[in-house]
Structure formats: structure tokens, C-alpha cells
Amino acid sequence: WATSYHGDFLQRCLADPAHTAGSFAVYGRGGTAPEHWLSGGLDSIPTIQRDNASTQRNLGADDKVPLCKKRLKPMLDAHRPRRLLAFFGDNLQSESPAAVTRQFERLVAAIAASGVGPTGCFIMTPTYEMETAKRRSVAAKTLVNTLKVRDAARAAVGTRCRFLDGLALMDASPYKSGTPEEPRLRRVAVAGTSGCVGASANDNVHVCGEAARDLAGRVC
């Protein structure tokens, strides 16, 4: 949960009155896919909350986290949001297209059942991988697999939510580099933050540094 990750920059943008009016809450749990927020799983991993006042709040794990902060239906019942953004897919890179489609179909069905309509629902899929110093830490994170996840998710979502293609969001980014066959996001640290250099230099999955700030701004 380094401070140069996408979630923190998105929080900062949403907390800026110039960009967003009203309150918000963001929940994240490492390693998860839609099914973990629908049916359960990976609850032993800490859940992080971000909101108007907090860049990161570690809520703990397992029974320390109330259902309204780790399961989608109780969460939507508690917050009754005007808008909802769900960002999944990097943890589905090794799954078949059919498995990806099933998870996203369940996700958008649950959102619709909770009363969030198509204009207030946003589904976002992963963007390009980060460049690495020596080796790619997650072999399954490739452009081919990211496209697979994106296309399967888009088919599942249809017109029930607005679709944010993470690849398209960063196509015009000044931090996109590499080749057409192997595009990468450049690893540029942001002053005063961590997580984009040192021990994380081979992390090809978590968008960090200036690329994370750029992505968050485009989403916001």
C-alpha cells in the first residue's frame, strides 16, 4: 500500500472540491477479484479504506472488518452511492475468458440489484504493466492477458454500466513507452512518496509514481 499507488492519487483527486462535490469512500483489498467482494474470500488480507479525510486507513482483517466494508451488497445498502466505480481484472489474468465473464456478470448484476443505474455505474479494467528493472514479478501480467480480461469484462458489462478501458485511458499518457507489442508504463517516482523504486522495482502490476498519478487524474 505504498503512497504512490493509484488508489492514493485517486483519493486526493476525489477529495479536491474543484473536481468532486460530496463525500466518498474507497475500499481495497489486495489480491481480490469480484467474487471476493460478492461471496467472500481473502478476508485475511487487510482492507484499506480511503475517504474525504484519509488517504489510507487500515481496517484490519477478518472479523475486524464489518460486512459493509468488505461485501458489495451490504456496502451499497449502507452507502447508497450516487456513483460507483469498480476496478478489477489484474488478479484474473490467468483465468479463462469464460471465467472472467462470469465474475463480471455477477458483479454488474449485484450492482443493478442494489439500485445503481447504468449512468452511475463505472466498471474499470486494468491498464498497461509497469516497466521493471530486472524481471517481471508477475509473469501472467501481459498485454495479451490484459486484453483478454478487458474484452471478457466488456462483454459481461454490456450497457449495464459505463465501461472504462484502462488501456485506452493511458494510450495518450506521457508515461507510456515500450513497443506496440510490449508497451510499458515508465517508472518515475513522485517526490515525497514511496513504492515506485527500490524493492518494488520489479513490480509490473501495481501502477505507481507519476504513471499512477496520471491514471488517477484521468479516472477522476
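Refer to the structure above for everything that follows.
Now for a quick tour of the structure. The model shown is predicted, which means the values in this text are computed figures rather than measured ones.

With that settled, consider the nonpolar core. Counting 27 residues, the largest nonpolar core has Phe-104, Leu-107, Ile-111 and Ile-123 as the members making the most contacts within it. Those elements that provide at least two residues to this core are helix H3 (72-79), strand S4 (84-87), helix H4 (97-113), strand S5 (121-124) and helix H5 (143-157). Once residues within four sequence positions are removed from consideration, Ile-111 is found in contact with Leu-72, Leu-76, Leu-84, Val-116, Cys-121 and Ile-123. Judged by nonpolar contacts, the second largest core, of 24 residues, contains Phe-24, Tyr-128, Tyr-175 and Ala-212.

Okay, H4 next. An α-helical turn contains 3.6 residues, so a residue and the one three or four places further along point in the same direction. Over its 17 residues, H4 extends 24 Å from the first C-alpha to the last, a length consistent with the 24 Å expected when each residue adds 1.5 Å. Against helix H2 (34-38), H3, S4, S5 and H5 lie the buried residues of H4. Of the residues trailing H4, Gly-115 is marked for its positive phi of about 95°.

On to the pairing of strand S2 (residues 47-51), then. Most of S2 sits inside the fold, with five of its five residues counted as buried. Residues of S2 alternate between two faces, with Thr-47, Gln-49 and Asp-51 on one and Ile-48 and Arg-50 on the opposite face, all of them buried. As paired strands, strand S1 (residues 25-29) and S2 are joined by five bridges and run antiparallel to one another. Residue Gly-28 lies in a different strand from S2, and its bridge partner there is Ile-48. Bridge count between S2 and strand S3 (residues 57-58): two bridges; the pairing is antiparallel. Along S3, the bridge assignment pairs Gln-49 with Arg-57. The antiparallel hairpin formed by S2 and S3 contains five residues in its connecting segment.

The next thing to look at is the sheet that holds strand S6 (residues 162-164). Ordered in space as S4-S5-S6, the three strands form an open sheet in which the pairing is parallel. Looking at the sheet topology across the chains shown, the edges are occupied by S4 and S6. Within this sheet the neighbouring strands show an average axis-to-axis angle of 20°, counted without direction. The pairing of S4 with S5 spans four bridges and is classified as parallel. Paired with Leu-84 across the bridge in S5 is Cys-121. Against the sheet, H4 contacts S4 and S5, and its axis sits at roughly 160° relative to S5.

Rules behind the numbers
- Residues numbered from 1 in each chain as written.
- Predicted model: local features only at pLDDT ≥ 70, side-chain atom pairs only at ≥ 80, totals over all residues.
- Heavy atoms only, no water.
- Core = buried A, V, L, I, M, F, W, Y, C linked by side-chain atoms within 4.5 Å.
- Buried < 20%, exposed > 50% of the residue type's maximum accessible area, 1.4 Å probe, protein only.
- Helix = DSSP H or I, 4+ residues; strand = E, 2+ residues; numbered from the N terminus.
- Contact = heavy atoms within 4.5 Å.
- Expected span 1.5 Å × (residues − 1).
- Pairing = 2+ DSSP bridges.
- Axes fitted to C-alpha atoms, helices over the stretch in contact; angles between N-to-C directions.

Purely geometric stuff here, so don't read any function into it on its own.
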